Amino acid sequence: MSNLSCGIVGLPNVGKSTLFNALTRKQIPSENYPFCTIDPNVGIVNVADPRLQILSSQSNSKKIVNASCTFVDIAGLVKGASEGEGLGNQFLTHIRETDAIVQVVRCFDNDDVIHVANKVDPLQDIEVITLELILSDLQMAENTYSRVEKQAKGRKDLQPTLDFIKKATAHLNQSLPLRSLPLTSEEEAIARLYPFITKKKVLYVCNVGEADLPSLENDYVRRVREYAAKEGSKVVPICARIEEEVSQLDEKDALEFLQSLGLKESGLDRLIREAFHLLDLITYITTGDIETRAWTIRKGSTAAEAAGKIHSDIEKGFIRAEVVAYDDMIRYKGRVGAREAGKARSEGREYIVHDGDVILFYHN
C-alpha cells in the first residue's frame, strides 16, 4: 500500500525543490526497502506517529516501524504544458501516474526570488496549473470518446461510459476540475477506469517566508484557504527554507530549533500526515516485544484484508482479530489490562478496521 503516491507540483521558483529536498533528507534508508529502487525524484518518508513510541515502551519492543508515504517530485510546470511547453507531456504523464496532488504555491514576497509571472499571486498560480491539467484532461476525454464511440456500435453496455465522458467534457469545458463534478455511484465506477488528473484530490502547500513564523499565516495564505474550502481541499502552510534547515538536524536539535521559532512540530510532519490522509490511508498497530509497527491500509478495509498486509497466510487462515482501541491500551496499561476491563473485542473477518486499532490476529 505504501506505493500510493502524492505528486508534488508547482510553478518554477515557488519552493517545490526546497520542500522536496527537505522531505528526501528524512527519507527511509533504501536498505529498509530491499525490493525497491528509489529514483532520485521519489522520496519514501516516515509518517510521524507518537502512539508508536508510547506502545513500544509499554511492550518493551526492540524496534519501531512507522507507516510511510511516497512523494514524487514532478518537473516544474509552465503555462502551455498541455501543448507540450517546457517538459509538458512528460510532466503530465508523471502526474497521471500518482494518486493525489500536492500543489506548492508561493505565499511569500522576496525580490531576490523571481516569480515566473513577475508578481506573487497564489490564486493565479493555482489557476495556471489547474487550467493546464483541465486542458490535458479535455484532450484525453475527447480521444476516449471517439474511441469508445467506435466500440459502442452494437454494444448497449458502453452507453453509460459515453454519457459519463460527455458529462465530464461539458464540465471541463467550463474550466472546472472533475473533482468538483457531482457523480452517481455508477459514474464514479466508470471514472475510476480513466486516469483523469483533475479527478485527483489536492492538498495546497502554502510556502511562507520566515517573517510569517510562528503563525504561518498571511494574506496570501488566507486567500488560498478560501479557495480550497470551496472545493473541499485542505491547506498546509509551511516555510520550506526552515524545513530544509530542520531536516539536516538530529531529532533533539530539530525540536529545540523549532521551539526557538515558536513551533510545536515540523511542517513536514504535518504535510506528511495530511498527504497520508489525502490518499485515504489509515494505520492499525501491532505491538509486542519484537516490534511495534504501524500497518498501512485503505480506509474501509476489513480485518481479513488488514491481516493480509502482514502475510497472505494470515488472511487465508484468519480465525478472529482481538481489537483494542489505542486509548484503551494506554488507559489499561496494555492488552492484559484491557481484557480484564472488557475492552478487548473479538472481531470477525468483515470487521471494518479503525485508525489506531491495536490488533492481535488469531489464524491457522
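Being a predicted model, the structure only gives us computed values, none of them experimental. (Residues numbered from 1 in each chain as written. Predicted model: local features only at pLDDT ≥ 70, side-chain atom pairs only at ≥ 80, totals over all residues. Heavy atoms only, no water.)

Asks: Help me out: how do you make sense of the side chain of serine 61 in this one?
Replies: Tracing the backbone through its elements, the reader meets serine 61 in the loop between helix H2 (50-59) and strand E3 (63-65). The exposure class assigned to serine 61 is buried, which follows from its relative accessible area of 14%. A distance of 2.7 Å separates a polar side-chain atom of serine 61 from the backbone oxygen of glycine 288. Beyond its immediate stretch of four places on either side in the chain, serine 61 contacts Ser56, Thr287, Gly288, Asp289, Ile290, Glu291 and Thr292. (Helix = DSSP H or I, 4+ residues; strand = E, 2+ residues; numbered from the N terminus. Buried < 20%, exposed > 50% of the residue type's maximum accessible area, 1.4 Å probe, protein only. Polar contact = N/O pair within 3.5 Å; in protein donor to acceptor, adjacent residues only side chain to side chain. Contact = heavy atoms within 4.5 Å.)

Asks: Even after reading the chapter, I still don't get the pairing of strand E2 (residues 42-46), so can you show me in this structure?
Replies: Regular strands place their side chains on alternate faces of the sheet. Judged by how many residues are buried, E2 sits mostly within the fold: four of five residues are covered. The pairing of E2 with strand E4 (residues 68-73) spans five bridges and is classified as antiparallel. For isoleucine 44, the partnering residue across the bridge sits in E4 and is threonine 70. (Pairing = 2+ DSSP bridges.)

Asks: Teacher, can you tell me more about unusual backbone geometry here?
Replies: Leaving glycine out, the prevailing phi sign among residues is negative, and the prevailing peptide bond configuration is trans. Cis peptide bonds are those with omega within 30 degrees of zero, and the linkage from leucine 213 to proline 214 qualifies with -5 degrees. Inspection of the secondary structure puts proline 214 in the loop between strand E6 (202-207) and helix H7 (219-230). Of note, the phi angle at leucine 216 is positive, near 60 degrees, even though the residue is not glycine. Relative to the helices and strands, leucine 216 is located in the loop between E6 and H7.

Asks: I'm lost on the confidence of the model for the chain in this one. Help?
Replies: Where the model shows low pLDDT, its predicted coordinates should not be examined in detail. In this model, the chain carries an average pLDDT of 89, and 89% of its residues clear a pLDDT of 70 or more. Model confidence for the chain, summarised as mean pLDDT per element, is weakest for helix H3 (residues 88-96) at 71 and strongest for strand E10 (residues 318-325) at 98. The model gives residues 30-38 a pLDDT under 50, and that stretch makes eight contacts with residues more than four places away or in other chains. (pLDDT = per-residue confidence, 0-100.)

Asks: Is there a simple way to explain the packing of aromatic side chains in this structure?
Replies: Each aromatic ring pair is specified by the distance between its two centres and by the angle formed by the two planes. Taken as a whole and judged by the stated rule, the model has six aromatic pairs. A ring pair is formed by phenylalanine 164 and phenylalanine 196, whose centres lie 6.2 Å apart and whose planes are at 70 degrees; its orientation type is edge-to-face. Of the two residues, phenylalanine 164 is situated in helix H5 (residues 159-172) and phenylalanine 196 in the loop between helix H6 (185-191) and E6; the sequence distance between them amounts to 32 residues. Overall, the relative accessible area of 2% leaves phenylalanine 164 in the buried class. Relative to tyrosine 227, the ring of tyrosine 204 has its centre 6.0 Å away and its plane inclined at 85 degrees; by these criteria the two rings are edge-to-face. Of this pair, tyrosine 204 sits in strand E6 while tyrosine 227 sits in helix H7; the two residues are 23 residues apart in sequence, bridging distant segments of the chain. Residue class for tyrosine 204 comes out buried when judged on its relative accessible area of 0%. Positioned over the ring face of tyrosine 326 is arginine 51, at 6.0 Å from the centre of the ring. (Phe/Tyr/Trp six-rings, centres within 6.5 Å; stacked < 30°, edge-to-face > 60°. Lys NZ or Arg CZ within 6 Å of the ring centre and 35° of its normal.)

Asks: Sorry if this is basic, but what is going on with the state of the cysteines here?
Replies: Here a disulfide denotes a covalent bond joining the sulfur atom of one cysteine to the sulfur atom of another. Counting across every chain of the model gives zero disulfides. The structure places no disulfide on cysteine 69, whose sulfur is separated from the nearest cysteine sulfur, that of cysteine 6, by 5.0 Å. (Disulfide = S-S within 2.5 Å.)

Asks: I tried to follow helix H11 (residues 303-310) on my own but got confused; where do I start?
Replies: Count 3.6 residues to each turn of an α-helix, and residues three or four apart come out pointing the same way. Looking only at H11, the buried set comprises Ala303, Ala304, Ala306 and Ala307. Projection of H11 onto a plane perpendicular to its axis shows the buried side chains occupying an angular sector of 160 degrees, all on one side. Where H11 is buried, its residues contact strand E8 (281-287), strand E9 (291-298), helix H12 (312-316), E10 and strand E12 (357-363). (Arc of directions from axis to C-beta.)

Asks: Could you clarify how one ought to interpret the sheet that holds strand E7 (residues 234-238) in this entry?
Replies: Sheet strands associate in pairs through backbone hydrogen bonding, adopting either a parallel or an antiparallel arrangement. Pairing in this open sheet of six strands is mixed, and the strands run E2-E4-E1-E5-E6-E7 from one edge to the other. Only two strands of the sheet have a single partner each, and these edge strands are E2 and E7. Ignoring strand direction, the axes of neighbouring strands in this sheet form an average angle of 25 degrees. Two elements, strand E1 (residues 5-9) and E4, share four bridges in a ladder whose sense is parallel. Note on E4: the bridge partner recorded for glycine 7 is valine 72. Against the sheet, helix H1 (residues 16-25) engages E1, E2, E4, strand E5 (100-106), E6 and E7, with an angle of about 145 degrees to E4. (Axes fitted to C-alpha atoms, helices over the stretch in contact; angles between N-to-C directions.)

Asks: Would you mind showing me how to read the environment of alanine 275 here?
Replies: One can find alanine 275 in helix H10 (residues 267-278). Using a relative accessible area of 0% as the deciding quantity, one classes alanine 275 as buried. When the C-alpha atoms of alanine 275 and lysine 234 are compared, they prove to be 9.7 Å apart, with 41 residues separating the residues in sequence. The contacts of alanine 275, once residues within four sequence positions are left out, are Cys6, Cys69, Phe71 and Leu203.

Asks: Where do I start with the packing of H1 against H10 in this structure?
Replies: Pairs of packed helices are described in terms of their axes, by the angle between the two and the distance that separates them. Interaxial distance between H1 and H10 falls to 11 Å at its minimum, and their mutual angle equals 90 degrees. One finds that H1 runs roughly perpendicular with respect to H10. Taking contact as the criterion, the partners of Leu19, Ala22 and Leu23 in H1 are, on H10, Leu268, Leu271 and Ile272. Of the residues belonging to the contact of H1 with H10, the class tally is six nonpolar, no polar and no charged. (Parallel < 35°, antiparallel > 145°, perpendicular 65-115°, else oblique. Nonpolar A, V, L, I, M, F, W, Y, C, P; charged D, E, K, R; others polar.)

Asks: Mind showing me how you'd approach the pattern of salt bridges here?
Replies: Pairing is possible between side chains that carry opposite charge, provided their charged atoms lie close to one another. Here the structure, examined in full by the defined rule, presents 23 salt bridges. A salt bridge links lysine 167 to glutamate 187; the nearest nitrogen and oxygen atoms lie 3.0 Å apart. Linking lysine 167 in helix H5 with glutamate 187 in helix H6, this pair joins segments that are 20 residues apart in sequence. The class of lysine 167 is partly exposed, set by a relative accessible area of 31%. Residue classification places glutamate 187 among the buried positions, given a relative accessible area of 15%. (Salt bridge = Lys/Arg side-chain N within 4 Å of Asp/Glu carboxyl O.)

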